[in-house]
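An overview of the molecular structure
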Amino acid sequence: MLAQYNPNNLPGLSILKIKDNDQDFNGILPLLAEEFPTWGLGRLRSYIKLVLKQKTNGILVAKNDSSYSIGLLIYSMHDIMNKNFSNDSNKEFSKCLVVENLISSNPVLEQKIYLQFINKIFYIAKNKNCEVLELPRFNSSFDLVKKKYDKNLINSDGWRSFIKI
């Protein structure tokens, strides 16, 4: 049997969840330093620990087959005003998984890395009974995400983009 070619897949890329008992954050510190260039190592480590302190928050890291960290996603869980996110229109709030930071160190593979991150975070949100996934404002880096989740997109031209689960 021949394997089907999938141009959106990156063989050798693993999306892993950082656990709060992981003490070695060195692999993701350079990625966070890109996002927060004025922060020192102590502040970056404190931020990671603060994020992981809440059970509803999490950090995903994309690693290549050499175990080099090439992407990072930080998320949190919130209740947001229900603006047609829920199937129950009488609900005041909807459970939302929010992507706080999304970083890729490889501009050439950025679209594919983002797609694999969103696939993983969509799965996590679904398992946590979220009704919507909130993402940063879409730009060209999200073209593969837009293509895959097109029928679930809500307000993808606004300040933040939403995918209905």
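For the structure itself, look to the data block above.
Heads up: these notes are all about the structure in this document. (Residues numbered from 1 in each chain as written. Predicted model: local features only at pLDDT ≥ 70, side-chain atom pairs only at ≥ 80, totals over all residues. Heavy atoms only, no water.)

A word on the packing of aromatic side chains. Evaluated as defined, the whole model comprises six aromatic pairs. Ring geometry for Phe36 and Trp39: centres 4.1 Å apart, planes at 10°, overall stacked. Grouping residues by exposure puts Phe36 and Trp39 together as buried. Ring geometry for Phe122 versus Tyr149: centroids 5.2 Å apart, planes at 40°, classification tilted. Taken together, the residues Phe122 in helix α3 (residues 110-127) and Tyr149 in helix α4 (residues 143-149) connect sequence positions 27 residues apart. (Phe/Tyr/Trp six-rings, centres within 6.5 Å; stacked < 30°, edge-to-face > 60°. Buried < 20%, exposed > 50% of the residue type's maximum accessible area, 1.4 Å probe, protein only. Helix = DSSP H or I, 4+ residues; strand = E, 2+ residues; numbered from the N terminus.)

Counting residues in hydrophobic clusters, the biggest one holds 30 residues, and the most contacted among them are Leu97, Ile118, Ile121, Leu133 and Ile163. The set of elements that each furnish at least two residues to this core consists of β2 (58-63), β3 (69-81), β4 (93-104), α3, β5 (132-136) and α4. Element by element, the count of residues in this core is highest for α3, at nine residues. The contacts of Ile121, once residues within four sequence positions are left out, are Leu60, Leu73, Tyr75, Leu97, Val99 and Leu133. In this structure, Ile18, Leu32, Leu44 and Val51 belong to the second largest nonpolar core, which totals 18 residues. (Core = buried A, V, L, I, M, F, W, Y, C linked by side-chain atoms within 4.5 Å. Contact = heavy atoms within 4.5 Å.)

Summarising the element assignment, Lys120 is placed in helix α3. A relative accessible area of 31% means that Lys120 is categorised as partly exposed. Between the alpha carbons of Lys120 and Ile15 there is a distance of 7.5 Å; along the sequence they are 105 residues apart. With near-sequence residues (within four places) excluded, Lys120 lies in contact with Ile15 and Leu60.

Taking 1.5 Å per residue as the helical rise, α3 with its 18 residues ought to reach 26 Å, and the 26 Å between its terminal C-alpha atoms agrees with that figure. Every buried residue of α3 is accounted for by Glu110, Ile113, Tyr114, Leu115, Gln116, Phe117, Ile118, Ile121, Phe122, Ile124 and Ala125. Of the residues trailing α3, Asn129 is marked for its positive phi of about 60°. (Expected span 1.5 Å × (residues − 1).)

Our focus in this paragraph is the pairing of β5. Taken across its five residues, β5 has five buried, putting it largely inside the fold. Here three bridges tie β4 to β5, and the two strands are oriented parallel to one another. Bridged to Leu97 within β5 is Leu133. You can see the chain leave β4, run along α3 and come back into β5, and the turn it takes is right-handed. Sheet analysis places β5 next to strand β7 (residues 160-164), joined by five bridges and oriented antiparallel. Counted as the bridge partner of Leu135 is Ser161 from β7. (Pairing = 2+ DSSP bridges. Right-handed = clockwise from strand over helix to strand, strands pointing away.)

A separate point is the state of the cysteines. Taken as a whole and assessed by the stated rule, the structure comprises zero disulfides. Cysteine Cys96 shares no disulfide, and the gap to the nearest cysteine sulfur, in Cys130, comes to 6.9 Å. (Disulfide = S-S within 2.5 Å.)

Turning to the side chain of Ser141, a few remarks are in order. The topology assignment puts Ser141 in the loop between β5 and α4. There is a polar contact of 2.4 Å between the side chain of Ser141 and the side chain of Glu110. When sequence neighbours within four positions are dropped, the list of residues in contact with Ser141 reads Glu110, Gln111 and Tyr114. (Polar contact = N/O pair within 3.5 Å; in protein donor to acceptor, adjacent residues only side chain to side chain.)

Before going further, it helps to examine the side chain of Asn101. Looking at the secondary structure, you find Asn101 in strand β4. Judged by its relative accessible area of 7%, Asn101 is buried. Looking at Asn101, its side chain comes within polar contact range of the side chain of Glu35, at 3.3 Å. Contacts of Asn101, omitting those with residues within four sequence positions, involve Glu35, Phe36, Tyr47, Leu72, Leu73 and Ile74.

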